[in-house]
There are 4 protein chains.
Amino acid sequence: VSAITPGGRRRYRLSRLEAFSDGVFAIAITLLVLDIAVPSGSEENLGKALVEQWPSYLGYLVSFGTIGAVWFGHSVITEFVAAGDRTLFRLNLVLLLAVSFLPFPTRLLAEYVSDSEAVRVAATVYGVNLFLTSVALAALWRHVERSGLARDDSDEAERRILTTRLQPGLAGYAIFIAVGWFFPIVAVFGYLAVALAMLVPARRRNPESRIQSAGG
Amino acid sequence: VSAITPGGRRRYRLSRLEAFSDGVFAIAITLLVLDIAVPSGSEENLGKALVEQWPSYLGYLVSFGTIGAVWFGHSVITEFVAAGDRTLFRLNLVLLLAVSFLPFPTRLLAEYVSDSEAVRVAATVYGVNLFLTSVALAALWRHVERSGLARDDSDEAERRILTTRLQPGLAGYAIFIAVGWFFPIVAVFGYLAVALAMLVPARRRNPESRIQSAGG
Amino acid sequence: VSAITPGGRRRYRLSRLEAFSDGVFAIAITLLVLDIAVPSGSEENLGKALVEQWPSYLGYLVSFGTIGAVWFGHSVITEFVAAGDRTLFRLNLVLLLAVSFLPFPTRLLAEYVSDSEAVRVAATVYGVNLFLTSVALAALWRHVERSGLARDDSDEAERRILTTRLQPGLAGYAIFIAVGWFFPIVAVFGYLAVALAMLVPARRRNPESRIQSAGG
Amino acid sequence: VSAITPGGRRRYRLSRLEAFSDGVFAIAITLLVLDIAVPSGSEENLGKALVEQWPSYLGYLVSFGTIGAVWFGHSVITEFVAAGDRTLFRLNLVLLLAVSFLPFPTRLLAEYVSDSEAVRVAATVYGVNLFLTSVALAALWRHVERSGLARDDSDEAERRILTTRLQPGLAGYAIFIAVGWFFPIVAVFGYLAVALAMLVPARRRNPESRIQSAGG
């Protein structure tokens, strides 16, 4: 259906890819709220019932933060891209697959958080989904770097920094997946920390990070 | 994942932020309809059953009006912005977090409206969510003002008016949250009034409000 | 929150309004599929169970066709608009309110189609929602015409035709709402006919309709 | 509502059509995750319960891959189009109707996969929906070719290749619908193969496929 010149190196404009991706990111992040159940039959003490389902809110926050961070990463990456090739479109679909699947483990975790055995499975499935999202984003960026899709005027130092930035997410998820088998709730807080670290990076001492870039 | 130059002042184009935000606003406002339950087993008198669930429609209207007003405020703010920085992207995510959470308290209110005790909790949670949405929007605007992100050609008087405009929402929500503890339904009508006030502002006598602006 | 100069005639760019509206139209039209229930416990004869819920598909088609037609009408109207004012934004919100409410009566109809009494109520609610959607679209267009928001280069004849086009929908819905009180299913087929008439207009003998327009 | 000059050949800009379509594609692809049920009451062995519902994941993958491929095909087609006519808008609505219906048979399949009789019906309904999606996309492209909507600078060879590309999907679905009546699960894997074939085309020996195209 979609190909034109499989052997050649056809270039595609990015506008549709960006609009479609923005749509998927926006929907996935907004659907998360459907995973928070309204407590039923809690006329007696609704406040208590709401507080007791705090793990639902935690899962909501983690997934929201992660999708937000991945969306921001995606939007930074596409700023570097002059035009896309078919592989970029395919890798992008894999990333969207991982992102749009996230509401499922989020619901799974909310459902089984109170069972000490099942929550380990749920936290692992959740962590693996987050990890794969990170891998897909890193693969997308690596492809942009290696295939000469980046714009000619993009700064070498800037691109190196973005590459460095993509590592901690991968490492963080790998560690917390292992931790989650023994302490599932700790792992979920860990996933939250990774998402926040991606969004609010610590100041770096490295001078190259202070480069001023004139504009997008 | 997302940062490039943490120490520097990297600027980002706004198009992706606008597209993503429009998506989240549009989805949150459209998901609200799922919170209105089709009355079941009302073959006898469907009309009566539909009328009796009027609080669901009220909640729908309030949330719809609020998201619509916040979206309009957001679209006016971004018209002033030349380019975004990382903090703008983060504050925007916080705003979207508050907006996309709204379907939950809307459902909560619809569920517990007929219980005189629980409805107080539900109305409070709802009011706090609306209040936080307003706070996040005001914070976004304040950041644009203070960080020099506004366009050079934007009119000082216009910007002062927008600042003034953001106050009533905050005050209104604070008052009605307090009212809602005693008269929950009154508070919900109050929230509707705040949303309408944001969308259909009263004519002001202040001469500066009559300034004609040539274009967007 | 959103206003800037209530007394003045501030103009707003249309890009955000279009993106937000496209999002709401797209979500409302896609959510409709959730109103079609998967028949449960029909292992014996799934084919028969699927055929028997044909009113669900009919409702789906009617709502899909109507939203599609209204979206097309909206996109034609905004092609005429140079820049928006606050009233345009408010009327647009009212239109989106009517459109995004449609999944509710669609579900209602599917639920009560087999009860000869309740289906009359459901068909009426449905028809009123469709009628209000049409009214809101006509009001939007009238405002564009009267407030001088139309582009200077837009063709007078073209605009008159668009005005003419908006009438049949209004009349059709009014008629079929009345019919629906006695023959609800006939009315639903009537709503389908109105939607199709909006999308596939009959050739008109009027010579002015054969005007060739060079481009959008 | 929507027409302007039924007899004439009015041209419409494509931006709204693209934005609306991107929205529908994005929502349909993201709603699929709601069709995967969280296993309930599986505290004993959540891992096993998750593995046992593998057909849900398979259906998710097939529908995700198909919508992704159709979206990519759609975005390639609109790159060729200079401006749309009314028929293009109507055919596009038919395509979106088929795409946005897909979550229903996906759910149907997940529900009835374990019943050897009902799964045949479900697989057939699913296949027919996929087939119609392919037909609508092919019809859209054929209309672009025949009605002179393609851009003047578009390469004849490229267009012929796109035409060739649209055949295998149609043939593949026709074959697997027949197969599915006897071996439903085999057919679902077949549908996955068709989607992957559309996204990752085999290298062709035909020299014209190696044409290099300078840009989008």
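Residues numbered from 1 in each chain as written. Chains lettered and ligands numbered in written order. Predicted model: local features only at pLDDT ≥ 70, side-chain atom pairs only at ≥ 80, totals over all residues. Heavy atoms only, no water.

### Examining the overall build of chain A
Turning to step 1, where the next piece is worked out: A count of helical and extended segments in chain A gives 8 helices and 0 strands.
Turning to step 2, where the next piece is worked out: The order of helices and strands in chain A, counted from the N terminus, is α-α-α-α-α-α-α-α.
Turning to step 3, where the next piece is worked out: Going through the 216 residues of chain A one by one, you find that 61% of them count as buried.
Turning to step 4, where the next piece is worked out: Across chain A, every contact between residues at least 6 apart in sequence was considered, and the portion connecting residues at least 24 apart equals 79%.
Turning to step 5, where the next piece is worked out: Carbon and sulfur atoms provide 60% of the accessible area of chain A, an area that totals close to 8,100 Å². (Helix = DSSP H or I, 4+ residues; strand = E, 2+ residues; numbered from the N terminus. Buried < 20%, exposed > 50% of the residue type's maximum accessible area, 1.4 Å probe, protein only. Contact = heavy atoms within 4.5 Å. Areas by Shrake-Rupley, 256 points an atom, 1.4 Å probe, with all protein chains shown as cover.)

### Points about the side chain of C:S100
Turning to step 1, where the next piece is worked out: Mapped onto the elements, C:S100 comes out in helix α4 (residues 86-101).
Turning to step 2, where the next piece is worked out: Within the structure, C:S100 has its side chain in polar contact with the side chain of B:Y60 (distance 3.0 Å). (Polar contact = N/O pair within 3.5 Å; in protein donor to acceptor, adjacent residues only side chain to side chain.)

### Points about the side chain of B:H143
Residue and element names in this part refer to chain B.
Turning to step 1, where the next piece is worked out: For H143, the position within the fold is in helix α6 (residues 118-146).
Turning to step 2, where the next piece is worked out: Residue H143 is classed as buried on the basis of its relative accessible area of 12%.
Turning to step 3, where the next piece is worked out: Beyond its immediate sequence surroundings of up to four residues, H143 is in contact with D85, T87, L88, L91 and L149.

### Quick look at the packing of aromatic side chains
Turning to step 1, where the next piece is worked out: This model, assessed by the stated rule, comprises 48 aromatic pairs over all chains.
Turning to step 2, where the next piece is worked out: Here the aromatic cluster, defined as three or more aromatic residues joined through ring pairs, consists of A:Y57, A:Y60, A:F64, B:F101 and B:F104. (Phe/Tyr/Trp six-rings, centres within 6.5 Å; stacked < 30°, edge-to-face > 60°.)

### Here's the deal with the environment of B:L137
Residue and element names in this part refer to chain B.
Turning to step 1, where the next piece is worked out: Checked against the element boundaries, L137 lands in helix α6.
Turning to step 2, where the next piece is worked out: A relative accessible area of 1% means that L137 is categorised as buried.
Turning to step 3, where the next piece is worked out: Spatially, the C-alpha atoms of L137 and R151 are 19 Å apart, while their sequence positions differ by 14 residues.

### Side note on a nonpolar patch on the surface
Turning to step 1, where the next piece is worked out: A surface patch of nonpolar side chains, about 450 Å² in accessible area, is lined by A:W181, A:F182, A:F183 and A:V186.
Turning to step 2, where the next piece is worked out: Of the residues examined, A:V186 reaches a relative accessible area of 45% and is grouped as partly exposed. (Patch = residues over 30% accessible without salt bridge, like charges linked within 9 Å, V, L, I, M, F, W, Y side chains within 5 Å. Salt bridge = Lys/Arg side-chain N within 4 Å of Asp/Glu carboxyl O.)

### Describing the packing of helix α1 (residues 15-31) of chain D against helix α3 (residues 54-80) of chain D
Residue and element names in this part refer to chain D.
Turning to step 1, where the next piece is worked out: Packing of α1 against α3 leaves a shortest axis separation of 10 Å and a crossing angle of 170°. Put simply, α1 runs roughly antiparallel to α3. Residues L17, E18, S21, D22, F25, A28 and I29 of α1 touch α3, and the partners they reach there are F64, I67, G68, V70, W71, H74 and T78.
Turning to step 2, where the next piece is worked out: Its residues placed into classes, the contact of α1 with α3 shows 8 nonpolar, 4 polar and 2 charged. (Axes fitted to C-alpha atoms, helices over the stretch in contact; angles between N-to-C directions. Parallel < 35°, antiparallel > 145°, perpendicular 65-115°, else oblique. Nonpolar A, V, L, I, M, F, W, Y, C, P; charged D, E, K, R; others polar.)

### A few points about the pattern of salt bridges
A pair can form between side chains of opposite charge whenever their charged atoms are brought close.
Turning to step 1, where the next piece is worked out: Across all of its chains, the model carries 28 salt bridges over all chains by this definition.
Turning to step 2, where the next piece is worked out: A:R13 serves as the salt-bridge partner of D:E79, at 3.9 Å between the closest nitrogen and oxygen. Of this pair, D:E79 sits in helix α3 while A:R13 is found in the segment before α1 (15-31), placing the two residues in two different chains.
Turning to step 3, where the next piece is worked out: The exposure class of D:E79 is buried, given its relative accessible area of 6%.
Turning to step 4, where the next piece is worked out: Using a relative accessible area of 25% as the deciding quantity, one classes A:R13 as partly exposed.
Turning to step 5, where the next piece is worked out: With its nearest N and O atoms 3.5 Å apart, the salt bridge here joins D:E52 to D:K48. Taken together, the residues span about one helical turn, with D:E52 and D:K48 both in helix α2 (residues 46-52) at a distance of 4 residues.

### Notes on the environment of D:V194
Residues and elements named next belong to chain D.
Turning to step 1, where the next piece is worked out: Topologically, V194 is positioned in helix α8 (residues 184-199).
Turning to step 2, where the next piece is worked out: Exposure remark for V194: the relative accessible area of 8% places this residue in the buried category.
Turning to step 3, where the next piece is worked out: In this structure, the C-alpha to C-alpha distance between V194 and E79, residues 115 residues apart in sequence, is 23 Å.
Turning to step 4, where the next piece is worked out: Those residues within four positions of V194 in sequence are excluded, and the remaining contacts are G169, G172, Y173 and F176.

### A short note on the confidence of the model for chain A
Residue and element names in this part refer to chain A.
Turning to step 1, where the next piece is worked out: Residues of chain A with pLDDT of at least 70 account for 87%, and the chain-wide mean is 84.
Turning to step 2, where the next piece is worked out: The low-confidence segment residues 1-8, where pLDDT is below 50, has 43 contacts with residues more than four positions distant or belonging to other chains.
Turning to step 3, where the next piece is worked out: Across residues 204-216, confidence stays below pLDDT 50; counting only partners more than four residues off in sequence or on other chains, it has 30 contacts.
Turning to step 4, where the next piece is worked out: Interface confidence in the predicted complex, given as ipTM, is 0.85; pTM for the same model is 0.88. (pLDDT = per-residue confidence, 0-100.)

### Description of helix α6 (residues 118-146) of chain A
Turning to step 1, where the next piece is worked out: With 29 residues, α6(A) should reach 42 Å at 1.5 Å per residue; the first-to-last C-alpha distance of 42 Å fits that figure.
Turning to step 2, where the next piece is worked out: Looking at the residues trailing α6(A), positive phi occurs at A:G148, about 65°. (Expected span 1.5 Å × (residues − 1).)

### Concerning helix α4 (residues 86-101) of chain B
Turning to step 1, where the next piece is worked out: With 16 residues, α4(B) should cover 22 Å at 1.5 Å per step; its first-to-last C-alpha distance of 23 Å lies within 8% of that length.
Turning to step 2, where the next piece is worked out: Residues B:R86, B:L88, B:F89, B:N92, B:L93, B:L95, B:L96, B:A98, B:V99, B:S100 and B:F101 constitute the buried set of α4(B).

### A short note on the environment of A:L108
Turning to step 1, where the next piece is worked out: Mapping A:L108 onto the fold places it in helix α5 (residues 103-112).
Turning to step 2, where the next piece is worked out: Not counting residues up to four positions away in its chain, the partners in contact with A:L108 are A:A122, A:V125, D:V38, D:P39, D:L46 and D:L50.

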